[in-house]
Every structure is written in structure tokens, then in C-alpha cells.
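Coordinate analysis (summary)
Here's the letter readout for the chains.
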Amino acid sequence: MTVRIHPSILSADFVNLEREVGRITAADAVHVDVMDNHFVPNLTFGPQMVERLQAVSSIPLDVHLMIADVDRWAPGYAELGAECVTFHAEAAADVVATARALRERGSLAGLALKPGTPVEPYLELLPEFDQVLVMTVEPGFGGQSFMAETMPKLRSLRAALRSDERSIRLQVDGGITVDTIGIAAEAGADTFVAGSSVYGADDVEAAIAGLRAAAIAAHAH
Ligand SMILES: O=C(CO)[C@H](O)[C@H](O)COP(=O)(O)O
Ligand SMILES: [Fe+2]
């Protein structure tokens, strides 16, 4: 299983985002948290910022939409050139139609689940998605503690993937550190978002390397 590390710029310096994205060249993608102060009680930025990040980033964009009425707004983020656009099941009226709209516009389609949202209704829809994001904190803020009680959802997802679906990324987001990443990796995650544990480190590239090594060790276990 290939390990992917996606640092979250939610924990970066918001007035120097071009420079901050340039610091994570060892990462596989940059995780971009879009919040609307409605679906979550916090506000970040919208499509204009994502368009500029796409223009200045040398690594792909992994956009995490924490916004309401996402059926309407998600396709526009795919048109900006993001590699993957992930939207919340709780915010979507029709998850399949929205996933198809993303793929039609050339991006990967991701489905996110809050900690309290069960995975079972979505297991039969996996072929519609390229990534499933199991939130390991309540969405809205960086720097929260990892919720290990979400791990059974990862195990269910990993067990449900058929051989032709193994390329679907199983992503975790929230509280990922060198101490918790192995728990998520052992449960089946292969794509790891890390905000404060990367941007809070003195040596950002060393933090990415440390996370990657810990996840690879857990997969080998
Ligand atoms: O989606 C998010 C919050 O809703 C962020 O991606 C996540 O919280 C990253 O921050 P940290 O690694 O510090 O928990
Ligand atoms: Fe996120």
C-alpha cells in the first residue's frame, strides 16, 4: 500500500501561503480546507484562493470542502484544476451526482464522513469515488485530538474494497501525528492529512518524512 502524506495549510501562515506551500515539496499533495462558517463554525477561503494556490503550487491540490449546498459548489473547484475534490456526505443532496460532476470536470471525487456518520450506506457506492475521507476529529479546526473510535469505519472500508477498487484512497484527517498515524495505517488508511504536526514543526520536511516512515512501518507490521 502506497503511503501518501498531505499537509494541511489550515495550520500554515495565511498571509504567506505561496511560501508555505513551497515548504512541503516532499509531500504528495497539499490539503486545502475550504470552510464556509455554516457547515462548520469556522471560515477560511473560497475559489479565488484555491485558484491562486493551484497556480503557485508545484504539488497537486487535495481540496476538502466543509461547506453547505455542496452539490452546487463542488464542481467549480474541480474546474480550477484541483487533483481531488472531497465533499461531505452530510452536506450533499445526491452524493453520486456530485461525484460524477467532479469526475466529468477532470478531478478525482472524494467523499468525507464526520466522526458520527456511519459508513455502511456508502459501501455499495465506492466505485463512484476515488477517495473516502474518514474524519478523525469533528471538522472545523486544526490542532484537535485524534478520535480512535472512528477506526472501525476504516476497517469496514478496507474490507469492502474489491481488487479492482484498491486504488481508492482511504484518507484520515485530524490529529495525525507520529504517535497516531500508525493507528490509522493499521486500520487501513493510506492517505494522511496532517496540519499542526507538519506546520508546527521546526523542520517541516523532516516532519513529513517522520510521518511517512511511521505509516510505512505500521503497514509492514
Ligand atoms: O479538516 C481539517 C479540520 O476540519 C484539517 O484538515 C485538520 O484539522 C488538520 O489539522 P490537524 O492535523 O492539526 O488536526
Ligand atoms: Fe481537512
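Residues numbered from 1 in each chain as written. Chains lettered and ligands numbered in written order. Predicted model: local features only at pLDDT ≥ 70, side-chain atom pairs only at ≥ 80, totals over all residues. Heavy atoms only, no water.

Our working definition: UniProt positions are given in the numbering used here, feature names are shortened, and annotations may be inferred rather than shown by experiment.
The protein chain is annotated in an unreviewed UniProt entry as Ribulose-phosphate 3-epimerase from Microcella daejeonensis. The record held by UniProt for the protein chain lists under Pathway (unreviewed entry) the comment "Carbohydrate degradation." Under Function (unreviewed entry), UniProt gives the following word-for-word description of the protein chain: "Catalyzes the reversible epimerization of D-ribulose 5-phosphate to D-xylulose 5-phosphate."

1. Considerations on the environment of Met147
Note the following rule: Counting from the N terminus, the helices are the DSSP runs of H or I reaching at least four residues and the strands are the DSSP runs of E reaching at least two. Residue contacts follow a heavy-atom distance rule, with two residues in contact if any of their heavy atoms lie within 4.5 Å.
Tracing the backbone shows Met147 in the loop between strand E6 (131-135) and helix H5 (151-160). C-alpha of Met147 to C-alpha of Val137: the two residues are 10 residues apart in sequence and 5.9 Å apart in space. Met147 has contacts with Pro115, Thr136, Val137 and Glu138, leaving out every residue within four places of it along the chain.

2. Some remarks on the pairing of strand E5 (residues 108-113)
To keep things clear, this is the line we draw: Only protein chains enter the accessibility calculation, which uses a 1.4 Å probe. A residue is then buried if its area is under 20% of the maximum for its type, exposed if over 50%, and partly exposed in between. Handedness of a crossover is defined as follows: with both strands directed away from the viewer, a clockwise route from the first strand across the helix to the second makes it right-handed. Here a strand pair is declared whenever DSSP counts at least two bridges between the two strands.
With five of its six residues buried, E5 lies for the most part within the structure. Taken together, strand E4 (residues 84-88), helix H4 (residues 95-104) and E5 constitute a β-α-β crossover, and its handedness is right-handed. Relative to E6, E5 is paired through four bridges, and the arrangement is parallel. The residue of E6 that forms the bridge with Leu113 is Val134.

3. Remarks on the coordination of the iron ion (ligand 2)
Rule in force here: With water omitted from the atoms examined, metal sites may look incomplete; donors here are N, O and S atoms no farther than 2.8 Å from the metal, or 3.2 Å in the case of Na, K and Ca. All geometry calls rest on donor angles, where a four-donor set with angles between 85 and 135 degrees is tetrahedral, four- and six-donor sets with opposite donors more than 155 degrees apart and all others between 65 and 115 are square planar and octahedral, and all else is irregular.
The iron ion (ligand 2) binds to the protein through His31 (NE2), Asp33 (OD), His64 (ND1) and Asp173 (OD), with metal-donor distances spanning 2.1 to 2.3 Å. Taken together, the six donor atoms surrounding the iron ion (ligand 2) define angles of 72 to 177° at the centre, an arrangement classified as octahedral. Positions of the donor residues of the iron ion (ligand 2), expressed as sequence spacing, correspond to H-x1-D-x30-H-x108-D. Placement of the pair is His64 in strand E3 (residues 61-66) and Asp173 in strand E7 (residues 169-173), with a sequence separation of 109 residues. Both residues of the pair, His64 and Asp173, belong to the buried class.

4. A word on the sheet that holds E6
Short version of the rule: All axes are obtained by fitting lines to C-alpha atoms, using only the stretch in contact for helices, and the reported angles, taken between N-to-C directions, cover 0 to 180 degrees.
The strand order across the open sheet built from eight strands is E1-E8-E7-E6-E5-E4-E3-E2, with neighbouring strands paired in parallel fashion. Strand pairing shows two members of the sheet lacking a second neighbour, strand E1 (4-7) and strand E2 (30-35), which therefore form its edges. Between one strand axis and the next, the sheet turns by 25° as a mean value, whatever way the strands run. In the sheet, E6 pairs with E7 via five bridges, with the strands oriented parallel. Looking across to E7, one finds that Gln131 is bridged to Arg169. Helix H3 (residues 70-79) contacts E2, E3 and E4 of the sheet and is inclined by roughly 170° relative to E4.

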